[in-house]
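# Residue-level structural notes
Each chain, written out:
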Amino acid sequence: MRKIIPIIAIVATLAIPTTTQAKSYGDELVMPWRFYKRLAQCETDSRWHTSTRNYTSGYGIAKGTWQRFSNSSNADRYTPLEQARVVDRIAWLGHTEPDGEFVHPVGPYGWAVIKSQNCMNLQQFICRSTHPKVKRWKRYC
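Residues numbered from 1 in each chain as written. Predicted model: local features only at pLDDT ≥ 70, side-chain atom pairs only at ≥ 80, totals over all residues. Heavy atoms only, no water.

### A few points about the overall build of the chain
Note the threshold: Secondary structure elements follow DSSP: runs of H or I of four or more residues count as helices, runs of E of two or more count as strands, with numbering from the N terminus. Where accessible areas are quoted, they stem from the Shrake-Rupley method and a 1.4 Å probe; at the residue level, only the protein chains shown are allowed to cover.
When helices and strands are tallied, the chain shows 7 helices and 4 strands. When the helices and strands of the chain are placed in sequence order, the string is α-α-β-β-α-α-β-β-α-α-α. As displayed, the chain offers around 9,100 Å² of accessible surface, 54% of which is attributable to carbon and sulfur atoms.

Written as structure tokens, this is what we have:
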């Protein structure tokens, strides 16, 4: 007669996701991850490591703006999620410089694909957002 070891119960217990495991990619961002994916698609066709003389990142951010809100010269070594965090600083949250100076957010309307082109319905994400940092930027809704 064979012995049955209760490994199945252990495996089943480990397979149940906890609340931290169940988080989706980008949950800590101000907007849903779909917003950032669409913004990158509209700006650079999602070329995450784009860098020209004047622009950097998958979001097509002016290099001076990128440097001001990220403390780095370009986005070459940043993951898409890390780039999205810089977008949050630029648009919604602001950023504290290493010397302690706070740089205020400039809002989402520096991206023409949001303000004038409304590429892939990006404006609707802003209009429907309930995040307190987004509410002040709903003037075009």
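### Quick notes on helix 4 (residues 80-93)
This is how it is decided: To estimate how far a helix should reach, multiply one less than its number of residues by 1.5 Å. Each residue gets one of three labels from its accessible area relative to the maximum for its type: buried under 20%, exposed over 50%, partly exposed in between, using a 1.4 Å probe on protein chains only. Contacts between residues were defined by any pair of non-hydrogen atoms, one from each residue, lying within 4.5 Å.
Here helix 4 spans 18 Å end to end across 14 residues, near enough to the 20 Å set by a 1.5 Å rise per residue. Regarding helix 4, the residues found buried are Leu81, Gln83, Ala84, Val86, Val87, Asp88, Ile90, Ala91 and Trp92. At its buried positions, helix 4 is contacted by helix 2 (33-44), strand 2 (61-62), helix 3 (63-70), helix 6 (122-128) and helix 7 (132-135). Where helix 4 ends, the next residue or the one after it, Gly94, has phi of about 80°, a positive value.

### Examining the side chain of Ser70
What counts is decided by this rule: Pairs of N or O atoms are called polar contacts if they sit within 3.5 Å, as long as, within protein, a hydrogen donor faces a hydrogen acceptor (for residues adjacent in sequence, only side-chain-to-side-chain pairs).
Note that Ser70 resides in helix 3. Since its relative accessible area comes to 9%, Ser70 is described here as buried. A distance of 2.6 Å separates a polar atom in the side chain of Ser70 from the backbone oxygen of Trp66. Among the polar contacts made by the side chain of Ser70, one reaches the side chain of Ser72 at a distance of 3.0 Å.

### Side note on the confidence of the model for the chain
How we decide: For every residue, the pLDDT score states the predictor's confidence, bounded by 0 at the bottom and 100 at the top.
With 84% of its residues at a pLDDT of 70 or more, the chain shows a mean pLDDT of 87. In the predicted structure, residues 6-22 sits below a pLDDT of 50 and forms 1 contact with residues beyond four places in sequence or in another chain.

### Focus on the pattern of salt bridges
Filter applied, for reference: Salt bridges are defined by distance alone: a side-chain nitrogen of Lys or Arg within 4 Å of a carboxyl oxygen of Asp or Glu.
Scanning all chains against the criterion turns up 3 salt bridges. Close ionic contact of Arg85 with Glu28 constitutes a salt bridge, the shortest N to O distance being 2.8 Å. You can see Arg85 sitting in helix 4 and its partner Glu28 sitting in the loop between helix 1 (7-15) and helix 2, a full 57 residues away along the chain. For Arg85, a relative accessible area of 35% translates into the label partly exposed. Linking Glu97 and Arg68 is a salt bridge whose minimum nitrogen-to-oxygen distance equals 3.6 Å. Here Glu97, found in the loop between strand 3 (95-96) and strand 4 (102-103), pairs with Arg68, found in helix 3; they are 29 residues apart in sequence, far enough to count as distant.

### Quick notes on the packing of helix 2 against helix 4
Axis angle and axis distance: for two packed helices, these are the angle between their axes and the distance between the axes, and together they describe the pair. What counts is decided by this rule: The convention used is that axes are lines fitted to C-alpha atoms, helices contributing only their stretch in contact, and that angles between N-to-C directions extend from 0 to 180 degrees. Roughly parallel covers angles under 35 degrees, roughly antiparallel covers those over 145, roughly perpendicular covers 65 to 115, and oblique covers all other angles. Charged means Asp, Glu, Lys or Arg here, nonpolar means Ala, Val, Leu, Ile, Met, Phe, Trp, Tyr, Cys or Pro, and polar covers whatever is left, Gly included.
Direction vectors running N to C along helix 2 and helix 4 enclose 95°, while the axes themselves pass 11 Å from each other. Classified by the angle between their axes, helix 2 and helix 4 sit roughly perpendicular to one another. Across from Trp33, Phe35, Tyr36 and Leu39 in helix 2, the residues of helix 4 making contact are Pro80, Leu81, Ala84, Val87, Asp88 and Trp92. By residue class, the composition of the contact of helix 2 with helix 4 is 9 nonpolar, no polar and 1 charged.

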